[in-house]
Every structure is written in structure tokens, then in C-alpha cells.
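# A structural walkthrough
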Amino acid sequence: RRRVEVAREPVASGGPLVSIVVPARNEAGEIGQTVDSLLAQTHRDIELVVVDDQSSDRTAVAARQAIGDDPRARVLHGGAPPAGWLGKPWACTQGVLATRGEWLLFSDADVRHEPTALARALGLARRLEVEGVSLLPHIRTGSLAEQIVLPAALTAISTFVAPGPLVRSQRSRVAISVGGWTLITRAAYEAIGGHEAVSDRVAEDVELARNAKAEGVQIVLADGVELASLRMYRGLTGLWRGWSKNAGFGVRGGAGAALAGGVALGYLAMTPPTATVVGLVTGRRAVAAAGAAGWVAQAALHAMARPAVETRGVLSPAFPLGMTFLSAVTMRGSLRRAFGGGTVWRGRRYEEAR
């Protein structure tokens, strides 16, 4: 629960050139607002490169329209990723090579930034004397499925994948960053091998954070819900595709470990409501009471996630359904990983994704 609240940082005045790299594939509907919000940053010393990752829509056109005649920004065509590379790491690498800033900010193409986001993050990095800051953005939702699944997803990440105490401990290898908003010095980025070191990784942001921690580079995870926002996936289909990719390939230890995690997640999710119903039906009050207590605790987890996710309190009892969904997509992604099916994302199949 402990968070570094970057929104309370004073706005940094002046400062270094920040190169902003935005990989974008088929984001014509979002890229314009993202570019607008980045060019409106109060930290004015920036250069922005939108890397068009072989989009089949009007992403590049929409980005150019948003840029207008601002000399600080341009659109770069990233080209096809070479063998052994996934699209996003390749696009990020091309963007970095085309820039010269002392600091690098990686933003996804669907993130909206408040005007002081960059200045406050720079101020936090200076105050803490760290090489990087990664913001946890506010997650917008537009469907019932998103409001049920995404609070559960945040809970799963902060318990199964990256518990806060382990992320903060320098003795632990556990690390995490948010690919949609990560600020890092160019020197630190190059020291950890950049995106070239994670060229075939699906969860490239997590792997970058692990590499940074292994090399003694500090990337502080900060609460950015007041400074950045995005809509992760759209509807049930988008959630299924997105989390199948993330959950199946985001766990170290192989497909077996990911599969075991998926099974455990489903078991923990459904035990309290199942015990409640079975206890009531069979007249075993102690079982029903224990199940109900667990169910209430799950609803409390949903409530804890609400500041970060756009959802409604009335949906708190549906928290087990969100966890069960994550269990299913984790098992699906793990089986694909185990049998060499790779992963499919934004119209491209990656057979050798890791």
C-alpha cells in the first residue's frame, strides 16, 4: 500500500532535455490526445518522437496532425522488427537512437499526461537521487468487464507478481515498472542494455526493471493516478487477449510456474464464495461464516484498488469473478507458452516470445 505520491512533489523548474519516446501501433484513435498532453508539459525542454510501429491505420497521420508545426516533435517510421525482436522493444530502440536527451521518458500511445507530470517526476528523481521514476497511472474503464477484472488484476500484480516490500528491498530480485510511463536517465538505460537486452520479452517493462535492479539502478515506482491515465483494454475481448499475453509470459520460472500460479489464483478466488454457498445450503454455519469473511476481505481488496481503477463500489462482491478470469487467461497463456504457441498481439504472431 505504501506509495510515493509524486503528485505532491514541487514542480521542477528548468532542467535537462528529456527525450520522449512513444511507440505506437494502430493507435489512431488515441495518439492525438497523447501527443497533445505531452507537448503541453510544463517542463518545456523536451523532444518527442512517435515511432509508428507498422500501423495499418492512420496512426502516423493522426500523430502528425497533433504535432502540427511544433519543432520539438516528429514521427519516425520504425520498420519491421528484425529476427529475435518483438515490435515494441524494437520501436523503443529506434526512438532512443533518434534522440539526444539526458533523460528518456517512455510513454504508451494511449496515455494521457497531466501538464505537470514530467516536471514533478523529475523533481522526485532529483530529491531521491535516483536514476528513474515509473508512474502508476489511473486506469480508465468503459465496460462492466473492465470494472470487474482490472481491480483484480492490480491486486494480483501487487501480491503474486510484485509485492511492494520485495520491490523496495534491495536484497530481493523482484522488480516492476510501468511500460506506459517510465522516466530514466540515458546513462542508466544504456548501462542496463536498454531494450536490446529485452528484445524478445513480452513483459519488457518488468524485465527492464529487473535488469535495472540487478545493476543497482534505482527506478522508483510512484503513485501517478493524478498525473497520468489510460484505458488498458477495451471490453471482454480486449481483456482476454491482453491478459493472456501478460499473464502467460510475465512470470519467471517457465510455463509450469505460470500455470501453477494460475491454478492457485483460481482456487483462492473461488474458495470464499463457494464455501459461503455450500455452508448455507448444507446448514454448516461455521463454513458459511468463514466463507463470508473471506468474501468480505476480497471486497475490501476491490475497494483498495478503486483509487487507481475506474470502478463502482457495488461491484466489490464480484471481485472473485475478476480473479477467476485472470486465472483462466493465465492458464491459457501458460499452455501456449509451454507448447511453443508463442503469443499474438496487435496482429503479429511472435513464435519465440519469452
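Up top you'll find the structure we're talking about.
If you're wondering where the values come from, they're calculated on a predicted model, not measured in any experiment. (Residues numbered from 1 in each chain as written. Predicted model: local features only at pLDDT ≥ 70, side-chain atom pairs only at ≥ 80, totals over all residues. Heavy atoms only, no water.)

## Thoughts on the sheet that holds strand S11 (residues 228-230)
Taken together, the three strands give an open sheet; going across it, the order is S6-S11-S8, and neighbouring strands pair in mixed fashion. Every other strand in the sheet has two partners, leaving strand S6 (112-113) and strand S8 (138-139) as the edge strands with one partner each. Two strands pair when backbone bridges link them, and S8 and S11 are joined in this way by two bridges, in the parallel orientation. For Ile139, the partnering residue across the bridge sits in S11 and is Leu230. (Pairing = 2+ DSSP bridges. Helix = DSSP H or I, 4+ residues; strand = E, 2+ residues; numbered from the N terminus.)

## A look at unusual backbone geometry
Of note in the backbone geometry, Gln54 takes a positive phi value of approximately 55 degrees without being a glycine. In this fold, Gln54 is placed in the loop between strand S3 (46-52) and helix H2 (59-67). Judged by relative accessible area, Gln54 falls into the partly exposed class, the value being 38%. Its identity is not glycine, yet Glu129 carries a phi of approximately 55 degrees, on the positive side. Turning to its location among the elements, Glu129 is positioned in the loop between helix H4 (117-128) and strand S7 (132-136). On the accessibility criterion, Glu129 (69% relative accessible area) is exposed. (Buried < 20%, exposed > 50% of the residue type's maximum accessible area, 1.4 Å probe, protein only.)

## What about helix H12 (residues 319-338)?
An α-helical segment advances 3.6 residues per turn. Residues three or four places apart therefore align on the same side. Look at H12: 29 Å from first C-alpha to last across 20 residues, which is about the 28 Å you get at 1.5 Å a residue. Listed in full, the buried residues belonging to H12 are Phe319, Pro320, Gly322, Met323, Phe325, Leu326, Ser327, Val329, Thr330, Gly333 and Ser334. (Expected span 1.5 Å × (residues − 1).)

## Section: the packing of helix H1 (residues 31-39) against H2
Across the interface, H1 lies against H2 with an axial gap of 8 Å and an inter-helix angle of 30 degrees. By the angle between their directions, the pair H1 and H2 is classed as roughly parallel. Remark: the crossing between H1 and H2 carries right-handed chirality. In contact with Ile31, Gly32, Val35, Asp36 and Leu39 of H1, H2 contributes Thr59, Ala62, Ala63, Ala66 and Ile67. Of the residues belonging to the contact of H1 with H2, the class tally is seven nonpolar, two polar and one charged. (Axes fitted to C-alpha atoms, helices over the stretch in contact; angles between N-to-C directions. Parallel < 35°, antiparallel > 145°, perpendicular 65-115°, else oblique. Left-handed = near helix turned anticlockwise from the far one by under 90°. Contact = heavy atoms within 4.5 Å. Nonpolar A, V, L, I, M, F, W, Y, C, P; charged D, E, K, R; others polar.)

Limitation: the analysis is restricted to geometry and does not speak to function.
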